[in-house]
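# Observations on the three-dimensional arrangement
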Amino acid sequence: MELTAPVDVLIVDDQAPFRGAARAVVGATRDFHVVGEAESGEEAVQLVQELQPGLVLMDINMPGIDGIEATRRITSAHPGTMVVLVSTYSVSDLAADARTCGAAAYVHKEELAPRVLRELWSAGGDDTWRLHA
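As a starting point, this report considers the structure included with it. Each chain has its residues counted from 1, following the order in which its sequence is written. Predicted model: local features are reported for residues with pLDDT of at least 70 only, side-chain atom pairs are reported and counted for 80 or more only, and whole-chain, interface and lining totals are derived from all residues. Side-chain measures here rest on the full set of heavy atoms in the structure, leaving out hydrogens and waters.

### A closer look at the environment of Gly102
Every helix listed is a DSSP run of H or I at least four residues long, and every strand listed is a run of E at least two residues long, numbered separately from the N terminus. For Gly102, the location among the structural elements is in the loop between β4 (82-87) and β5 (105-108). Sequence separation between Gly102 and Pro63 is 39 residues, and the spatial gap between their C-alpha atoms is 20 Å.

### Remarks on helix α2 (residues 41-51)
Burial classification: accessible surface area is computed with a 1.4 Å probe over protein chains only, and a residue below 20% of its type maximum counts as buried, one above 50% as exposed, and the rest as partly exposed. If you check which residues of α2 are buried, you get Gly41, Ala44, Leu47 and Val48. Summarising the axial view, the buried residues of α2 lie within an arc of 115 degrees, below the 170-degree limit, and thus occupy one face. The contact criterion used throughout is that any non-hydrogen atoms of two residues lie within 4.5 Å. Buried residues in α2 make contact with β1 (7-12), β2 (32-38), β3 (55-58) and α3 (67-77). Trailing α2 by a residue or two, Gln52 shows a phi angle of about 50 degrees, which is positive. Throughout, the arc means that of the directions going from the helix axis to the C-beta atoms.

### Examining the pattern of salt bridges
For salt bridges, the criterion is a side-chain nitrogen of Lys or Arg within 4 Å of an Asp or Glu carboxyl oxygen. Counted under the stated rule, the structure contains 10 salt bridges. In this structure, the salt-bridge partner of Arg72 is Glu69, at a minimum N-O distance of 2.9 Å. With Arg72 and Glu69 both in helix α3 and three residues apart, the pair spans about one turn of that helix. Of the residues examined, Arg72 reaches a relative accessible area of 30% and is grouped as partly exposed. With a relative accessible area of 24%, Glu69 lands in the partly exposed category. Through salt bridges with shared partners, one network takes in Arg19, Arg23, Glu37 and Glu39.

Shape is all these values report; function is a separate question.
Following this line, the structure appears as structure tokens:
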């Protein structure tokens, strides 16, 4: 499926190696490009306001406000922004509020790939919580 416009992506993770890996995945995904990176939930909330990305790849466990709370704040203030939680938790270990924080999906870090990004973006408007774990 061809996109009508490129998808601006914000990567949020407190670990530089994963930000690099996510940047490579986004770079390998046609019509997606990284517009910014954040190391904390607080920084993510600020950058979404400034950059207005279409997609945020959000780590869950970070110092300060975690990814779940940052997602809640982002999706409340910017309902048109899709947030995908990305972490190393197994699905059974996800916090109970992961499904209700406004995130469109959860993807295990090892499963993050161009195909997954495109599938999630294509299905983004259907209000169905998706797991790729």
